[in-house]
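Listed below, chain by chain, are the residues.
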Amino acid sequence: GCTVSDCSLREAVIEANVDPNAYNDIRLAAATYQVNGTPLPVTGGTRFQGVGNTQTLIRGDGITDVMTFSSGQQLDLINLGIDAMGKRELLATNDNRVSLYRIRAPNPLGTIEAREPDEAGGIGGSFSIGESEIRATIICVDKRRCATFDSSIARLRVYGTGGIFGANVTEVSM
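Residues numbered from 1 in each chain as written. Predicted model: local features only at pLDDT ≥ 70, side-chain atom pairs only at ≥ 80, totals over all residues. Heavy atoms only, no water.

Across all of its chains, the model carries one disulfide by this definition. Between the sulfur of Cys140 and that of Cys146 lies a disulfide, 2.2 Å long from S to S. Judged by the sign of its S-S torsion, about 40°, the bond between Cys140 and Cys146 is right-handed. Looking at Cys140, the relative accessible area reads 0%, which means it is buried. (Disulfide = S-S within 2.5 Å. Buried < 20%, exposed > 50% of the residue type's maximum accessible area, 1.4 Å probe, protein only.)

As a further point, take the environment of Val18. Take Val18: it is sitting in the loop between α1 (9–16) and β1 (24–27). The exposed category is assigned to Val18, whose relative accessible area is 66%. Considering only alpha carbons, one finds Val18 and Gly44, 26 residues apart in sequence, at a separation of 8.6 Å. (Helix = DSSP H or I, 4+ residues; strand = E, 2+ residues; numbered from the N terminus.)

To continue, consider the pairing of strand β8 (residues 88–92). Burial within β8 is extensive, with five of its five residues counted as buried. Pairing of strand β6 (residues 67–69) with β8 involves three bridges; the strand directions are parallel. Bridge pairing in β8 links Phe69 to Ala92. Pairing of β8 with strand β10 (residues 111–114), which is carried by four bridges, proceeds in the parallel orientation. Opposite Ala92, over in β10, you have Ala114 as the bridge partner. (Pairing = 2+ DSSP bridges.)

Of all hydrophobic cores here, the largest spans 38 residues; its most connected members are Phe48, Met67, Phe127 and Ile138. Setting aside anything within four residues of it in sequence, one finds Phe127 in contact with Leu90, Val98, Leu100, Ile112, Glu113, Ala114, Ile138, Ile139, Cys140, Arg145, Cys146 and Ala147. (Core = buried A, V, L, I, M, F, W, Y, C linked by side-chain atoms within 4.5 Å. Contact = heavy atoms within 4.5 Å.)

Turning next to the pattern of salt bridges. In total, this model carries six salt bridges according to the counting rule given. Asp65 is paired through a salt bridge with Arg88; the nearest N and O atoms lie 3.0 Å apart. Within this pair, whereas Asp65 is found in the loop between β5 (56–60) and β6, its partner Arg88 is found in strand β8, the two being separated by 23 residues in sequence. Across the pair, exposure class does not vary: Asp65 and Arg88 are buried alike. The partner of Glu133 in a salt bridge is Arg135, and the shortest N-O contact between them spans 3.5 Å. A relative accessible area of 32% means that Glu133 is categorised as partly exposed. Residue Arg135 is classed as partly exposed on the basis of its relative accessible area of 29%. One salt-bridge network, in which partners are shared between bridges, spans Asp25, Arg27 and Arg47. (Salt bridge = Lys/Arg side-chain N within 4 Å of Asp/Glu carboxyl O.)

Without other data, these values stay purely geometric and don't point to any function.
Here you go:
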């Protein structure tokens, strides 16, 4: 198994994915965790908890997304920074529930999305964002599925109830 002293972030995610019905807890120390090549494919309910949004950073390579989440369960990102270096920090699909609490996403070129899969007919996820500083664009499928409190968000794009393939799109720059 994966232990704190000998486990990479990718190995921790792979181990957490073994039982997609379990809620997994991945605790991250103060460090920069580099994601290269392929996104971290989270497939079950998981909490990633850092020690602070400037001390714990998950960083991409600028070529690929950092994390995908497609289980229809809960994903919690707490007390950490995430930067895909201009790509997508997070793509949550298939009716996921995503909570971002005390998150820092400093790159204005990135996106954090809760939406349908790339093919039509999927169900977008939902966001709850609290006490966070988000410079990336937040993308939600429906305003009823996107809640924020005590946060700084640079751009928010909300698609109408028809999803990203529907016609209603509202974008707000703050």
